[in-house]
Amino acid sequence: MNHSENFFSQAQKVIPGGVNSPVRAFNGVGGTPVFIDRAEGAYIFDADGKQYIDYVGSWGPMILGHNHPAILSAVLKTAEKGLSFGAPTPLEIDLAELVCQLVPSIEMVRMVSSGTEATMSAIRLTRGYTKRDKIIKFEGCYHGHSDSLLVKAGSGALTLGQPSSPGVPADFAKHTLTCEYNNIESVKQTFEQYPDDIACVIIEPVAGNMNCIPPKAGFLQQLRELCDQYGALLIIDEVMTGFRVALGGAQQYYGVTPDLTTLGKVIGGGMPVGAFGGKKEIMQYIAPTGPVYQAGTLSGNPIAMAAGLACLTELKKAGNEQRLAEQTEKLALGLKALADKHGIPFVVNYVGGMFGIFFTDQPEVSSYQQVMKCDAEKFKQFFHKMLEQGVYLAPSAYEAGFMSLAHSDEDIERTLQAADKAFAEMKTA
Ligand code: PMP
């Protein structure tokens with residue numbers, strides 16, 4: 001038994017499934033999860049000291065790479081002054097101003113402690129503001145695990161084959177209407193059916209929780225138009241895409257303006273943070289200025305704010321956005337070329353610093369249905385062959401891959417060499 005195996009059997013006795021978040025348990029790929037000891041730059045090191053090139057990056061926030069010196073020093077310096085006050089600090093203003101500057105559709109922002117809280121609170125706000133109950137989400141999109149949003153969800157829910165969860169009352173779930181991603185007709189029909197009842201549409205602007213599915217040209221704009229036509233609000237959930245698909249988020253990349261944006265992960269640079277923000281008039285509808293209640297003891301936590309500030313300040317430096325996209329493209333095109341060389345049917349999607357790989361002979365993968373037709377068994381084989389060679393991919397065929405600025409050309413080359421070997425073995429298996 002190696003250390004990870006030991007830890008896993010110990011953990012299973014006191015933690016359900018041995019993990020504090022389901023996908024970490026490797027249910028989607030089988031085998032023992034790798035227990036992490038430390039991380040640095042593009043690498044994570046497991047409890048046995050083995051190094052992996054990491055394409056999970058804590059599921060997104062590590063855009064600068066792990067343990068970036070600017071973030072680490074901001075965290076240490078701030079921690080010396082106290083860990084939490086439950087009272088306002090100037091750091092919160094600095095981060096709010098920076099977020100508003102980077103994402104122009106955000107005029108005001110409220111900090112929370114996770115992406116789940118961000119989307120849950122944003123949904124409540126749209127319901128309170130519009131005085132409507134129903135919401136539209138898309139099949140395969142994941143927006144955290146609040147009751148309204150755990151209906152036909154992606155990510156771990158999809159990996160475990162439970163896209164809708166017991167424990168969500170049917171009376172509650174009936175207000176969540178689901179449409180097909182990249183199928184505007186399905187949204188039109190839903191609005192026609194409930195013209196006066198829909199408070200908001202929430203969408204991942206690049207779906208990253210059913211692998212990686214970019215929006216079709218014009219899809220997000222058409223959503224915007226439908227929302228305007230029916231008096232519904234548009235929430236763009238940039239928990240994954242924010243500062244990653246582009247510095248101003250996927251909304252900047254695709255040129256669409258939401259009413260509200262939800263953010264997470266990245267704005268904490270690895271600390272627990274989320275946020276939601278948008279039009280002033282709507283944001284002022286939350287407490288204490290408005291009637292919609294929302295709160296949090298640890299919201300705007302000083303260490304998380306300092307980490308987020310350091311992270312975004314580094315990220316916005318010239319050239320970073322472009323480099324992140326270039327490194328992602330290098331990896332994506334490299335993988336596709338190798339799969340082609342070995343005659344393995346393969347599709348790769350990528351945008352900004354996100355990518356997704358699919359084992360399939362379909363010409364493209366741009367819908368939930370197409371994702372479900374991909375060969376999850378082949379993915380499992382590939383995942384384990386890469387893991388053995390020290391490349392850590394997301395342990396599920398339904399999760400996106402994440403590039404960081406710490407990934408060097410050499411790291412990408414090493415990854416491609418591993419993939420070359422993996423594909424060769426898969427062909428002969
Ligand atoms: N929205 C999106 C798009 C996400 O990808 C996630 C988590 N991966 C969430 C919301 C929920 O964030 P958290 O896990 O921080 O609650």
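Residues numbered from 1 in each chain as written. Predicted model: local features only at pLDDT ≥ 70, side-chain atom pairs only at ≥ 80, totals over all residues. Heavy atoms only, no water.

- The name given to the protein chain in an unreviewed UniProt entry is Glutamate-1-semialdehyde 2,1-aminomutase, with Avibacterium volantium as the source organism.
- The UniProt entry for the protein chain carries the following text under Catalytic activity (unreviewed entry): "(S)-4-amino-5-oxopentanoate = 5-aminolevulinate".
- The record held by UniProt for the protein chain lists under Subunit (unreviewed entry) the comment "Homodimer." (UniProt positions renumbered as here; feature names shortened; annotations may be inferred.)

## Points about the site of the ligand
No. 1: Around the ligand, the surrounding shell consists of Ser 114, Gly 115, Thr 116, Tyr 142, His 143, Gly 144, Glu 204, Asn 209, Asp 237, Val 239, Met 240 and Lys 265.
No. 2: Take Thr 116: an N or O atom from its side chain is 2.6 Å from an oxygen atom of the ligand.
No. 3: One of the side-chain N or O atoms of Lys 265 is found 2.8 Å from a nitrogen atom in the ligand.
No. 4: Out of a free accessible area of 390 Å², the ligand has 84% covered by protein chains.
No. 5: Among the residues making up the shell around the ligand, the classes are represented as 3 nonpolar, 6 polar and 3 charged. (Near = heavy atom within 4 Å. Polar contact = N/O pair within 3.5 Å; in protein donor to acceptor, adjacent residues only side chain to side chain. Areas by Shrake-Rupley, 256 points an atom, 1.4 Å probe, with all protein chains shown as cover. Nonpolar A, V, L, I, M, F, W, Y, C, P; charged D, E, K, R; others polar.)

## Describing the packing of aromatic side chains
Two numbers describe a pair of aromatic rings. These are the distance of the centres and the angle of the planes.
No. 1: Tallying each qualifying case throughout the model produces 17 aromatic pairs.
No. 2: For the pair Phe 191 and Tyr 230, a centre-to-centre distance of 4.8 Å together with 10 degrees between the ring planes defines the contact as stacked. One end of the pair, Phe 191, is in helix H7 (residues 184-193); the other, Tyr 230, is in helix H8 (residues 219-230), and 39 residues separate them in sequence.
No. 3: For Phe 191, a relative accessible area of 0% corresponds to the buried category.
No. 4: Note on Tyr 230: relative accessible area 16%, which makes it buried.
No. 5: Among the aromatic residues, those joined into a ring-pair cluster are Phe 346, Phe 359, Phe 382 and Phe 423. (Phe/Tyr/Trp six-rings, centres within 6.5 Å; stacked < 30°, edge-to-face > 60°. Helix = DSSP H or I, 4+ residues; strand = E, 2+ residues; numbered from the N terminus. Buried < 20%, exposed > 50% of the residue type's maximum accessible area, 1.4 Å probe, protein only.)

## Details of the UniProt feature "modified residue: N6-(pyridoxal phosphate)lysine" (unreviewed entry) in the protein chain
No. 1: Sequence positions flagged by UniProt for "modified residue: N6-(pyridoxal phosphate)lysine" (unreviewed entry) are, in local numbering, Lys 265.
No. 2: Its location among the elements puts Lys 265 in the loop between strand S9 (260-264) and strand S10 (274-278).
No. 3: On the accessibility criterion, Lys 265 (24% relative accessible area) is partly exposed.
No. 4: Filtering out sequence-adjacent residues up to four positions away, Lys 265 remains in contact with Trp 59, Pro 61, Val 239, Gly 270, Met 271 and Val 273. (Contact = heavy atoms within 4.5 Å.)

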